[in-house]
Amino acid sequence: MRNDARCEALATAFGAPRSEAPVHWLDPAPFLRGTAWLDGDRPVRADPDDLERLPWDIAERAALPIGVRIEFRAAPGTRAVELRYRAAVPGPDDPLRALRHCFALWQGTRLVGETCAAPAPEAVVRLPLPPCGGVFTVHLPEGQAPVPLALRAVGGGLSPAPVRPRWLVHGDSITEGWWSTRPAHSWPATAGRLLGLDPVNLGYAGGARGELPLAEHLARLPGDAVTLAFGTNCWSRVPATADWLYATVRAFVGLVRRGHPSTPLLILSPVLRPEAEHTRNALGATLTELRRAMERAGRDLASEGDPHLHVLPGGPLLGPEHLADGLHPNDAGHARLAGAVAGALRGMLRPGG
């Protein structure tokens, strides 16, 4: 019997409805994953009650639903899931106007399909499902800040997917997923699938320069693991010295530890950036020196009595062939980075690790 036929037989055995008629709309809140805070019904990535202490660029990036997903279990025989959402409509001069507005359906580590729609003040997108049912993830497009409003099953039933351990991932544009071809291909999303975690993407393009209010935001968020992956923007965007970065990493970790005193915490130092490795910034520091300072701060904290803190040196993880523009990883680079981070976290999350 072909697989599809087996699925149809299974659906019949479970008594799943064969009708194509959608059932009633469901509140999306129990299905949302990768969420940090809600500002009304809008997922945001910084505390909406504490934005005034953040630089404007970080507050702006925090309004984008990077890494936010819908996760559900579909009963056998469910034909599709419909998602009602609202999104900003790009203006004629918007540089991202031509970006495809696609919703990607994944089952485990496998892409099932994509459905594209036009950004709209309110719209409904339908994603066909395999007839066997199971647990699925819908990765939202990141442009035009879509907000899920409701979802419903077509010809079957939906329930929220099991809750997975939450992984708080703080970083810059590399963590945000720049130059990955799809949101699901960013290194936090990929590593989350490999580890069975719920990644909460707190990457801010241009940011992650050691802003201490963000450390306090992290301390207030519930999480079962924390990763700090920043430093490259301390070379050029807001230049720093190695001594400053060393002290800032210690202060940042100290604030995070106020809310997560024994949570596994991984520090990932900056990955390869060829132009910056041996070039001095405005304050005289190379990226190599900044990377070493960040790693030294983490190792010193661990040796001073933080056994749940580990350091993953980022410099050796990528080669020039893994960079799309000399700074941000391509899909192969994101996958390679995800594998390295997953390997480091796997040992930390293991009992006794």
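Okay, so let's go over this structure.

Reading the values: the criteria
Residues numbered from 1 in each chain as written. Predicted model: local features only at pLDDT ≥ 70, side-chain atom pairs only at ≥ 80, totals over all residues. Heavy atoms only, no water. Helix = DSSP H or I, 4+ residues; strand = E, 2+ residues; numbered from the N terminus. Buried < 20%, exposed > 50% of the residue type's maximum accessible area, 1.4 Å probe, protein only. Contact = heavy atoms within 4.5 Å. Phe/Tyr/Trp six-rings, centres within 6.5 Å; stacked < 30°, edge-to-face > 60°. Lys NZ or Arg CZ within 6 Å of the ring centre and 35° of its normal. Salt bridge = Lys/Arg side-chain N within 4 Å of Asp/Glu carboxyl O. Axes fitted to C-alpha atoms, helices over the stretch in contact; angles between N-to-C directions. Parallel < 35°, antiparallel > 145°, perpendicular 65-115°, else oblique. Left-handed = near helix turned anticlockwise from the far one by under 90°. Nonpolar A, V, L, I, M, F, W, Y, C, P; charged D, E, K, R; others polar.

1. A closer look at the environment of L83
Examined against the element boundaries, L83 turns out to sit in strand 5 (residues 80–86). Judged by its relative accessible area of 5%, L83 is buried. As for L83 and L151, which are separated by 68 residues in sequence, their C-alpha atoms are 4.5 Å apart. Setting aside chain neighbours within four positions, we find L83 in contact with W25, F103, A123, V124, V125, L140, P148, A150 and L151.

2. Overview of the packing of aromatic side chains
The description of an aromatic ring pair uses the distance of the two centres, along with the angle that the planes make with each other. Going through the model one piece at a time under the given rule, you end up with four aromatic pairs. Positioned above the aromatic ring of W106, the side-chain terminus of R193 is 4.1 Å from the ring centre. In this structure, R296 is placed above the aromatic ring of Y246, and the distance from its NZ or CZ to the ring centre is 4.3 Å.

3. So, the pattern of salt bridges
Any two side chains of opposite charge can pair, so long as their charged atoms come close to each other. In total, this model carries 24 salt bridges according to the counting rule given. In this structure, the salt-bridge partner of R209 is E211, at a minimum N-O distance of 3.1 Å. We note that R209, like E211, is buried. In this structure, a network of salt bridges that share partners links the residues D47, D50, R53, E216 and R220.

4. As for the packing of helix 5 (residues 212–220) against helix 6 (residues 242–259)
At a closest axis distance of 7 Å, the pairing of helix 5 and helix 6 adopts a crossing angle of 25°. Comparing the axis directions of helix 5 and helix 6 gives the class roughly parallel. In this structure, helix 5 crosses over helix 6, and the sense of that crossing is right-handed. When helix 5 is examined against helix 6, the residues L212, L214, A215, E216, L218 and A219 are found in contact with a partner set consisting of T248, A251, F252, L255, V256 and G259. For the contact of helix 5 with helix 6, the class distribution of residues is nine nonpolar, two polar and one charged.

Everything listed here is a matter of geometry and, on its own, says nothing about what the molecule does.
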